[in-house]
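Chains, contacts and geometry: an overview
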Amino acid sequence: MSFLAIQFLTGLSGAVSLFLMSAGLTIIFGVTRVVNFAHGSLYMLGAYIGWSILTRLPHDPIWFAGGVIAAALATGCIGAAIEMTLLRRLYRAPELFQLLATFGVMLAIQDLTLLVWGPNDLPLPRAPWLRGSVTILGEHFPAYDLLLIAIGPAVLTALLLLLNRTRFGMLIRACTENRDLAAALGINHRILSTSVFALGAGLAGLGGALVLPDSSANTQMDLAVIVEAFVVVVVGGMGSVTGAFLASLMFGELQAFGIVLIPGATLVLVFIIMAVVLSIRPRGLLGDAPVPSAISAAGKPVRPVSSRIQLVGWSLVVLAATAPIWLPAYWLSVLTEILIAVLLAGSLHLMMGPGGMISFGHAAWFGLGAYSSALTVRMLSAPMPLALLAAPVAAGLVAIAFGWFVVRLSGVYLAMLTLAFAQIVWAAAAQWSWLTGGDDGILGVWPSGSVPFFYWVLSLSVAATWLLQRITRSPFGLALTAARDSEARALSIGLRADRLRMAAFAMSGAAAGLAGGLFAFSTGSVFPTYVAVGKSVDVLLMVLLGGINTVIGPIAGAVAYTGFYDLLLQTTSMWRLALGLTIITLVLAFPDGLAGGWRRSRS
Amino acid sequence: MLTRRTVLGTTAALAVPTAARAQPAPIRIGEINSYSAIPSFTLPYRNGWQLAADQINASGGVLGRKLEVISRDDTGKPQDAVRLAGELLDEQKVDILAGGYLSNVGLALSDFAQQRKRLYIAGEPLSDALVWQKGNRYCFRLRPSTYMQAAMLVQEAAKLPAKRWVTVAPNYEYGLSTVKWFKALLSAKRPDVTFVGEQWPALGKIDAGATVAALAELKPDAILNVTFGPDLTNFVRQGNTRGLFENRSVVSVLTGEPEYLEPLGDETPEGWIVTGYPRAQVTTPANTAFIAAYKTRFNAVPGMGSVVGYSLIQSIAAGIRRAGSLDADKLIDGFSGATFETPFGPASYRALDHQGTLGTFVGKTALRDGKGMMVDWHYADGAAYLPSDQEVLALRQSAG
């Protein structure tokens, strides 16, 4: 009995930092529609700044409180600076494009943190009062955790008062409901966006500083929290602070009791819960606001490719076909990787562009394809062509089954459900070691010769990418676009939106699976990292960077991103700073993607 | 504009041709590690291999040629490691591949090396599979594997009166493998021991309060801990406040390494049985000289990573000297049985499975002047903690 009570309290205290993170994230999303990938970085900066301040202060509770608040304020100022110098210029860009910018910020902050604070973990020495415990039902319970339990509801109350009882809060609610109307009524959206971003950043910084007495400031904490914070925001209902509070309590408790019942479930617990909640309530617990359209490309059909560009494209393919003669071996492997990336980005584009479905978990299909190929080779000793056939078939079939859940959702909710599925696949890859080899992966999946294999990749990637863009312009693709832009009107002329989306989802999954199968042979091995969040983010970045309104965009994005990343890795140890700043620069220079920018510069 | 850099660059450019005429081309080592993903280990590690390369070159190099290390960041992903290994072999024309921190990066590089028939010397990756189930003739590994670390700790753990054990380990290959071996080896020595529960926090995301409470509820006599880094700090703090470690024995892997012990500060729990590196207390000439040289060069004290980086390059130099050639087959013969100097004393690569016999220190944690340290330690030579040759051969054959 006492154990249950203690574990319940532990769950409550564990929920607090999740809540502080997700509250900031959800407010920022509500007003600015920015999916802030750099929110974990702000949390990390809060911890590092908090460490720098608190180690210089006396160890009394008052000074501790002052130091934590100072760290939160400093992080808030950093947030305001990011908004004013970067995001403000991007509000007119397609939504989700800001995600690209905040990803660049996250990369840059990782290297800057390393430069300023060094590589070592920085633990805050705990003052005696932070180490104390109180005895509850005969068990020791940390006094600091009790303090945290009180901070959660206090912050919630303060936020609700701010939102519901002040003019500032009224403006925030007005902008969350309808940005354009609020602007038409004379609300200064600029100042509001800046202050809301600063508020959200400050909350993240507060969360980071408050975690110091339990742990340390370290360089991995940004990525450790960001995905879970997104999950909480979505499960709570996007834009709802109370929803975020309830969801973080739910996760805190399920985590505390879940690890007692199923200790091995730590990798997937939150994602399974999110999948269940979204299947029952497609807009989260308290999300009743209309889901904002995912991509403002809505209303614009994907542009056909002009004959000149087609000519350029086919010339490049012919040039690539001669590459084994004149390109050194390593650069041939880079070209192979670029070709695979082109197919992968093209497959995501079918979903995102004409389909209107964003995916935060596209690596699931890539990984399923890679594992299917590798297992076909290792278990059935099948030849490579058969293994390459297995990849799209397996990924496509699973995509059909999973698509049934996905197509009923929309916007960021849909995207997060795809993430949940990808994380479940990832956890299976990491934990079913009897099948997948676990983290050690499957080795020895090499093709018989590097030049013949290059032609396999070239022909399959080009053929599949060509097919994908044919599909986009086919009657099916146009029907899909119609269903994206107006489901009701599409229905009235006999188009079943859900079936069209399912078909697009399955085709996209199968094409990504083929890319995964090719990738397994090109690196000779398969690991759970192929399904990790980072891979999904990479694909998303390629499509966004290239631009969503053309079929050329994702291809350009894949070539630019993959080529540049590979080049940076072999030239500089500060590749994250360089890549982050490059992404930020590109985003500011071409707010409609590389392909859009090129078109604009010509007209 | 003429800046300091351009002046230096020009001087260097002018100097190169003369240098090239004066001496033969250097032996190139392609080194890959998780510099951006795990900087707390890999940056001291980089200092370590730089120091070794400098020392070897100052004393005339290897086979009359200088050593040149070309380093790449694998970003913690095996797929990037494999591509960069290709770049190092094909573009940089390196003679030997080396490095790795994560086990899956090590395995990917090992498989790549076999495919390309070139040598790969793994420094840090601890996976047993690297030299056993998935071992191949092109791969050598320096550090004691998870099996060896577990065996070293089991020797001490078996002496404890504790019968009810629980385990807590990060939920990935390294944690799973260490727990598996510890259970198997301890149960073999002590049939009266039972393992009554386990916790598997996600790496870097431990929910320490809940984990500590769940372990305490099982009322164990002893705990095996495999968490490290930020997770360990979090676990120890919650454990201290909640009294988890009172009247219980704790056995903990790698916790005595400076990288993981120092962050615990004045909260270092006393009496844990750990593997690690009691840096300044090891007063052998080799270690004292290593620390002095490291301090002079970098104005910092070395970590365990520094020892690994330093020993890795020393072992490569020894292997090449013994082979007398850079031909892959000759190198394999040269490395098999090669003996090399490390700060921990001499070690060698076994011909049987290419596992290094470098050991580690086993001791207990203690608190002195508000800092954690190791006491009652002894050096456990890696060679003494390996299964019999028949068992190893059976494991290596299962690789097929």
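Residues numbered from 1 in each chain as written. Chains lettered and ligands numbered in written order. Predicted model: local features only at pLDDT ≥ 70, side-chain atom pairs only at ≥ 80, totals over all residues.

**Brief notes about the overall build of chain B**
- The number of helices and strands found in chain B is 13 helices and 14 strands.
- The C-alpha atoms of chain B give a radius of gyration of 22 Å, which matches the 21 Å a tight globule of 400 residues would have.
- Viewed in the frame of its principal axes, chain B has a C-alpha envelope of about 70 × 50 × 40 Å.
- In chain B, the share of contacts with a sequence separation of at least 24, taken over all contacts with a separation of at least 6, comes to 68%. (Helix = DSSP H or I, 4+ residues; strand = E, 2+ residues; numbered from the N terminus. Rg over C-alpha atoms; globule rule 2.2 N^0.38 Å. Contact = placed C-beta atoms within 7 Å.)

**Observations concerning the packing of helix α5 (residues 146-157) of chain B against helix α6 (residues 173-189) of chain B**
All names here are of chain B.
- Two elements in contact, α5 and α6, have axes separated by 9 Å at closest approach and are oriented at 40°. Compared by their axis directions, α5 and α6 come out oblique. Remark: the crossing between α5 and α6 carries right-handed chirality. For the pair formed by α5 and α6, the contact residues are T146, Y147, Q149, A150, A151, L153, V154 and A157 on the first element and Y174, S177, T178, W181, F182, L185, L186 and K189 on the second.
- In terms of residue class, the contact of α5 with α6 is built from 11 nonpolar, 4 polar and 1 charged. (Axes fitted to C-alpha atoms, helices over the stretch in contact; angles between N-to-C directions. Parallel < 35°, antiparallel > 145°, perpendicular 65-115°, else oblique. Left-handed = near helix turned anticlockwise from the far one by under 90°. Nonpolar A, V, L, I, M, F, W, Y, C, P; charged D, E, K, R; others polar.)

**Quick look at the domain arrangement of chain B**
All names here are of chain B.
- According to the domain assignment, chain B consists of domain 1 (24-144 + 283-359 + 391-397) and domain 2 (147-281 + 360-385).
- One C-alpha centre belongs to domain 1, the other to domain 2; they are set 28 Å apart.
- Counting residues at the interface gives 20 residues for domain 1 and 18 residues for domain 2.
- Sorting elements by how many residues they give to the side of domain 1 that touches domain 2 places helix α11 (residues 304-323) first, with 3 residues.
- The residue makeup of the side of domain 1 that touches domain 2, split by class, is 10 nonpolar, 9 polar and 1 charged. (Domains from an automatic or database assignment.)

**Considering the sheet that holds strand β3 (residues 96-99) of chain B**
Residues and elements named next belong to chain B.
- Read from one edge to the other, the open sheet built from 5 strands follows the order β2-β1-β3-β4-β5, with strand pairing classed as parallel. Of all the strands in the sheet, just β2 (67-73) and β5 (139-141) have a single pairing partner and so form its edges. Adjacent strand axes in the sheet meet at a mean angle of 25° when their direction is disregarded.
- Contacts from helix α2 (residues 39-58) reach β1 (27-33) and β2 within the one sheet, and its direction differs from that of β2 by about 165°. (Pairing = 2+ DSSP bridges.)

**Brief notes about the interface of chain B and chain A**
- At the junction of the two partners, chain B supplies 61 residues and chain A supplies 59 residues.
- At the level of secondary structure, the elements contributing two or more residues to the side of chain B that touches chain A comprise α2, β2, α3 (78-90), α4 (103-116), β7 (194-199), α7 (208-217) and α8 (230-242) of chain B.
- A total of 9 residues in the side of chain B that touches chain A trace back to one element, the largest contributor, which is α3 of chain B.
- Classifying every residue of the side of chain B that touches chain A by side-chain character gives 20 nonpolar, 22 polar and 19 charged.

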